[in-house]
Amino acid sequence: MTVLALGGCHDDIVAASRVPFRPDTSCPGVIVRRPGGVARNVAVLLAGSGVPVRLLSRIGEDEAGDRLMDGLIAAGVDPAMVIRTGEARTGSYVAIHDEDGALVAAVSDLVIYDGLTPEVIAALRDDLTSAELVFADANLPADSLDALAALLASAGRIDRLMLDAVSIAKVPRLLWPARRGARLFANRAEAGALLGTDPFDAEEAAQGLADAGLTRAVVTDGLGPVAFWRTTRSSCWTWRRPPSWM
Ligand SMILES: Nc1ncnc2c1ncn2[C@@H]1O[C@H](COP(=O)(O)OP(=O)(O)OP(=O)(O)O)[C@@H](O)[C@H]1O
Ligand SMILES: O=c1[nH]cc([C@@H]2O[C@H](CO)[C@@H](O)[C@H]2O)c(=O)[nH]1
């Protein structure tokens, strides 16, 4: 199994309140800085499980970028495709969590990924078509995600493409690639944002995605049941583990 992961690799700064969170004052808590980015997180977890994984991302020629590169190598992720650039600073994401660990607010500063253009995707044709699985997150620009889906579809490998929604703001970029047959991974709120609805649970969200023409989808809902959808099945399954047909 070889996996090619495409998307975010940047700094996370996460502040967790230790007291009942209030937005209008300073809450005592713990602040950590750590590597993040959806594609990087997935790549590192896969590498830790012994899966050979290569990462395509874009990071700055700065100290944060150096640390991220060192971290990828230490984790066993192949960083040869990571683009270093002096034109933009390494991306960052700042999040505030409440005393239960739930996300309260977050801001991402990730314009550096605008440089992951359709031309960058096209140059990877051979690597993309030979990978057993391609994982892409919605940090990639919309036209690059479209180019990625078109490339894999023309090679008859669109079912190898896994797409992660990343956020409510970015998930609309995935509608067209997912309608072409890629698998979408989203939480309930992200699925709702894609559909323009507010689904009650993961199953209702997955049903909505199916009605919107998506072929395969996985919808999570925090501690609630996970919904799995595949067009060739007549129903939507909710379970904690993926059914064999996913
Ligand atoms: N409080 C929790 N404790 C344990 N597992 C959890 C918790 N919240 C979420 N999970 C696990 O993470 C999965 C995804 O969670 P969720 O639906 O909140 O999506 P998300 O917000 O996109 O997740 P992420 O934290 O990765 O950004 C869930 O299906 C569940 O397995
Ligand atoms: O726009 C984005 N927001 C958040 C993330 C990442 O998601 C993870 C939290 O769920 C975290 O690592 C953050 O950097 C991202 O890659 N792009």
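Residues numbered from 1 in each chain as written. Chains lettered and ligands numbered in written order. Predicted model: local features only at pLDDT ≥ 70, side-chain atom pairs only at ≥ 80, totals over all residues.

Per an unreviewed UniProt entry, the protein goes by Pseudouridine kinase and derives from Methylobrevis pamukkalensis.

Draft legend 1. Seen up close, the sheet that holds strand 8 (residues 103-109). Spatially, four strands are ordered 3-2-7-8 in an open sheet, and the strand pairing comes out mixed. Two strands close off the open sheet at either side, each with one partner strand: strand 3 (29-36) and strand 8. Between one strand and the next, the sheet's axes are offset by a mean angle of 15°, whatever the strand orientation. Pairing of strand 2 (residues 10-17) with strand 3 involves eight bridges; the strand directions are antiparallel. Among the inter-strand pairings, D12 is bridged to a residue of strand 3, identified as R34. (Pairing = 2+ DSSP bridges. Helix = DSSP H or I, 4+ residues; strand = E, 2+ residues; numbered from the N terminus. Axes fitted to C-alpha atoms, helices over the stretch in contact; angles between N-to-C directions.)

Draft legend 2. Spatial organisation of the site of ligand 1. Every residue near ligand 1 is listed here: N187, T220, D221, G222, L223 and V226. Grouping the constituent residues of the shell around ligand 1 by class yields two nonpolar, three polar and one charged. (Near = placed C-beta within 6 Å. Nonpolar A, V, L, I, M, F, W, Y, C, P; charged D, E, K, R; others polar.)

Draft legend 3. Examining the site of ligand 2 more closely. Around ligand 2 there are 13 residues in total, and G8, G36, V38, Y93 and S108 lie nearest to it. Per-class residue counts for the shell around ligand 2 are four nonpolar, seven polar and two charged.

Draft legend 4. Seen up close, the packing of helix 7 (residues 188-195) against helix 8 (residues 202-211). Viewed as axis vectors pointing N to C, helix 7 and helix 8 meet at an angle of 30°, and their least axial separation amounts to 9 Å. With respect to the hand of their crossing, helix 7 and helix 8 are arranged in left-handed fashion. Where helix 7 abuts helix 8, its residues R188, A191, G192 and L195 lie against A202, A205, G208 and L209. Residue classes in the contact of helix 7 with helix 8 are distributed as five nonpolar, two polar and one charged. (Left-handed = near helix turned anticlockwise from the far one by under 90°. Contact = placed C-beta atoms within 7 Å.)

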